[in-house]
Amino acid sequence: DGRRLRRRGLGADRGDGPGGRATLVGEFPMRDLVPRDVPLLIEEPRRFVRTIRDREEVAHLFGDPPSGWQLGPGEAGEIVLDAGCLTTGYPVLHFSGGAGREVRVTYAESILFRQERDGRTDWVKKMRDDFASGEAYGYRDTVQLAGGDFTFQPFHWRTFWFVKISVSQGDEPFALNDASYLFTTYPQELVATYESSDPDAEKMLDRSWRTLQLCSHETYEDCPYYEQLHYIADTRLAALCSMALAGETELARRAITLYRHSVRPDGLVHSRVPSVRRQILPYFALIWVLMVEDYWRWTGPRERAFVRSNLHTVDGVLGFFRERLREDDFVGPVPHWNMVDRAEGWHAGEPPAIVAGESTYLTCLYACALDAAARLHRQAGDPLDAQRWPALADRLREAVRAGAWSEEEGLFLEGPGRTDDALSQHSQVLAILSDAATPEQTQRILDRLTTDASLIRTKFMQSYYLARALEKAGAYEAFATHVLEPWREMLDLHLTTWCEYLPGRSDCHAWSSWIAVDFLTCVLGIKPARPGFEEVLIRPQTGACEWARGSMPTPVGTVTVEWRKDPSTGIVALEAQAPEGIPTVVQLPGAEPERHDAGGKITLASG
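These remarks concern the structure in this document. (Residues numbered from 1 in each chain as written. Predicted model: local features only at pLDDT ≥ 70, side-chain atom pairs only at ≥ 80, totals over all residues. Heavy atoms only, no water.)

**Points about the overall build of the chain**
Okay, step 1: Along the chain, the regular secondary structure elements total 16 helices and 26 strands.
Okay, step 2: Along the longest, intermediate and shortest principal axes, the C-alpha atoms of the chain span 80 × 80 × 60 Å.
Okay, step 3: Summing over all exposed atoms, the chain offers an accessible surface of approximately 25800 Å²; the carbon and sulfur share of this is 49%.
Okay, step 4: In the chain, which carries 67 positive and 87 negative side-chain charges, the distance between the mean positions of the two groups comes to 6 Å. (Helix = DSSP H or I, 4+ residues; strand = E, 2+ residues; numbered from the N terminus. Areas by Shrake-Rupley, 256 points an atom, 1.4 Å probe, with all protein chains shown as cover. Lys, Arg positive; Asp, Glu negative; His and termini not counted. Charge placed at Lys NZ, Arg CZ, Asp CG, Glu CD.)

Listed below in structure tokens is the structure:
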């Protein structure tokens, strides 16, 4: 068998597979250990910043050095420890005495407020750190003390801002001698820098980075406090953050691989991997295709072999949707769940047009994925394989123009003839991004896209695509106002990370951190002109603020940009530092692109 062959030296590696190494006769073991493909998580000692008792801050019991907390015989008590911000870590609690007492350790993502409704208690979120009015409520660990010295540290990390420690009565004196925690996250460093005339810029970068950290462990996670699941739509945006803010690609590579290995017989990949319960959100698979292209554009030729290894799965995803096209070339009914956004009138987040099998949004997203696949085949794979997709993408665009454009509304309907559906930003955005919207239609869409309150508005994840449409259509000035409004609202609520939705369940969702990527790639304007940054593009969007400066890591070196707009003339002055020897193209608003073949220091002014 395979084991004997390997012992005899005949089991040479015949290629990688899901079970590890193959034997000489092509067999794979069902289970096999393989080398770890990402670094180990960090564990960094940290201390709480203050102690709260009876909803008031008191002398801190666990500073450095700690004074500790004691209870006498028959005395119960409760304290709350404040970590200063939301975090992920292993609490480390050093107890002594207290035999027979029960200790409840409650982990609160934020302060919650009790609300009585229909005879039951609901917990709602308002000001996240208002401990004077609310309570530290959440999941908990329960510890039964046996007496003597005992250190409690759970096997898995916890997520918390506030930790409430409640101790029952007991005959034996009790002491919590020290309390601290080991901060844990994936080992990536914030390398990018960013400042601008926007007064919220520093806070927004800080919260974007912290949110990314807390949603990055063995994989990216949708949220650290609740599901801790690795969803495609979340992960695409988290991976963009890692690449732009930290120059980190290994966790993104792992993510792409995990999804690829989940491929089903029908061509789809699972929406979250790994997961005990398998889940399918078909349109998430199209976002995975876009994620593969993100990775290719960032890493370029050095990762050509890896990107090529994903292309057969990319084609499988596209084939799944091709089999479900209607005669009018709209994507027809697709099974499972297609949660696009949390919107009134969209049951379980599914637009009615998707449920009915005639969605403008889904058909346009499919066209975007077809275009991405064609580019991937031409640039990283075999150009012959690219030929199957462009004509189909053109057919879809024509179908959407013919079937969904409303001349009366100046917008795209949610599907052909669906005049009773509330119109959404989502469908307009995807029509622009897929080029289903003509230039004339795009201009009419822009007249209402960010000013018409009747449109169903994109929430945090889908707003990334809104920003891409604004950028593509030359209307990016709305990023600082319309797009960032909900993020400013989160700052007003004292969140230290970005939440999933407002008013919010999860207070930490990395899909909301993408705004920091836009600071670098749009406001500063640093992008790859060719995959892998073999050529750098600097094209700042100067309508969102008066000045900006910062830097972004790339595979070829750090790119630094500073620009400032003269308020009286509108002239933009730019200074940039590109890696030496790397061709760099700079384009200022209203000006033609300028090419600098040697890279290095570049100084320009518009007008």
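**Overview of the packing of helix 9 (residues 360–380) against helix 11 (residues 390–404)**
Okay, step 1: Interhelical geometry of helix 9 versus helix 11 gives an angle of 160° and a closest axis separation of 9 Å. Here helix 9 lies roughly antiparallel to helix 11, going by the angle between them. Helix-helix and strand crossings are classified by hand; for helix 9 and helix 11 the assignment is left-handed. Facing Thr360, Thr363, Cys364, Tyr366, Ala367, Leu370, Asp371, Ala374 and Arg378 of helix 9, the residues of helix 11 in contact are Pro390, Leu392, Ala393, Leu396, Arg397, Val400 and Ala404.
Okay, step 2: Looking at the contact of helix 9 with helix 11 residue by residue, the classes come out as 11 nonpolar, two polar and three charged. (Axes fitted to C-alpha atoms, helices over the stretch in contact; angles between N-to-C directions. Parallel < 35°, antiparallel > 145°, perpendicular 65-115°, else oblique. Left-handed = near helix turned anticlockwise from the far one by under 90°. Contact = heavy atoms within 4.5 Å. Nonpolar A, V, L, I, M, F, W, Y, C, P; charged D, E, K, R; others polar.)

**Comments concerning the packing of aromatic side chains**
Okay, step 1: The full count for this structure, using the stated rule, is 29 aromatic pairs.
Okay, step 2: Taken together, a centroid distance of 4.9 Å and an interplanar angle of 75° make the contact between Trp298 and Phe533 edge-to-face. One end of the pair, Trp298, is in helix 5 (residues 282–299); the other, Phe533, is in the loop between strand 19 (526–530) and strand 20 (535–538), with 235 residues separating them in the sequence. Phe533 carries the same exposure label as Trp298, and that label is buried.
Okay, step 3: Pairing Phe320 with Phe321 gives two aromatic rings, centres 5.1 Å apart and planes at 80°, and the pair type is edge-to-face.
Okay, step 4: Of the residues examined, Phe321 reaches a relative accessible area of 0% and is grouped as buried.
Okay, step 5: Chaining the aromatic ring pairs together yields one cluster made of Tyr194, Phe460, Tyr464, Tyr465, Tyr476, Phe479, Trp487, Trp514 and Phe519.
Okay, step 6: Taking the ring centre of Phe320 as reference, the NZ or CZ of Arg324 above it sits at 3.7 Å. (Phe/Tyr/Trp six-rings, centres within 6.5 Å; stacked < 30°, edge-to-face > 60°. Buried < 20%, exposed > 50% of the residue type's maximum accessible area, 1.4 Å probe, protein only. Lys NZ or Arg CZ within 6 Å of the ring centre and 35° of its normal.)

**Quick look at the environment of Asp37**
Okay, step 1: Note that Asp37 resides in the loop between strand 2 (20–21) and strand 3 (42–47).
Okay, step 2: Along the primary structure Asp37 and Thr87 are separated by 50 residues, whereas in three dimensions their C-alpha atoms are 25 Å apart.
Okay, step 3: In this structure Asp37 touches Glu250 and Arg254, once residues within four positions along its chain are discounted.
Okay, step 4: Engagement of the side chain of Asp37 in a polar contact is seen with the side chain of Arg254, the distance being 2.5 Å. (Polar contact = N/O pair within 3.5 Å; in protein donor to acceptor, adjacent residues only side chain to side chain.)

**Remarks on the environment of Ala478**
Okay, step 1: Following the sequence through the fold, Ala478 ends up in the loop between helix 14 (463–472) and helix 15 (485–492).
Okay, step 2: Take Ala478: its relative accessible area is 10%, and that puts it in the buried class.
Okay, step 3: Once residues lying within four places of it in the same chain are set aside, the contact partners of Ala478 are Thr450, Leu470 and Val483.

**A look at the sheet that holds strand 23 (residues 572–578)**
Two orientations exist for strands paired in a sheet by backbone hydrogen bonds: parallel and antiparallel.
Okay, step 1: Here five strands make up an open sheet; going across it, the order is 16-21-22-23-26 and the pairing antiparallel. The sheet is open, and its two borders are formed by strand 16 (193–196) and strand 26 (600–605), each paired with just one other strand. Between one strand and the next, the sheet's axes are offset by a mean angle of 5°, whatever the strand orientation.
Okay, step 2: Both strand 23 and strand 26 contribute to a ladder of six bridges, which runs antiparallel. Note that in strand 26 the partner of Leu574 across the bridge is Leu604. (Pairing = 2+ DSSP bridges.)

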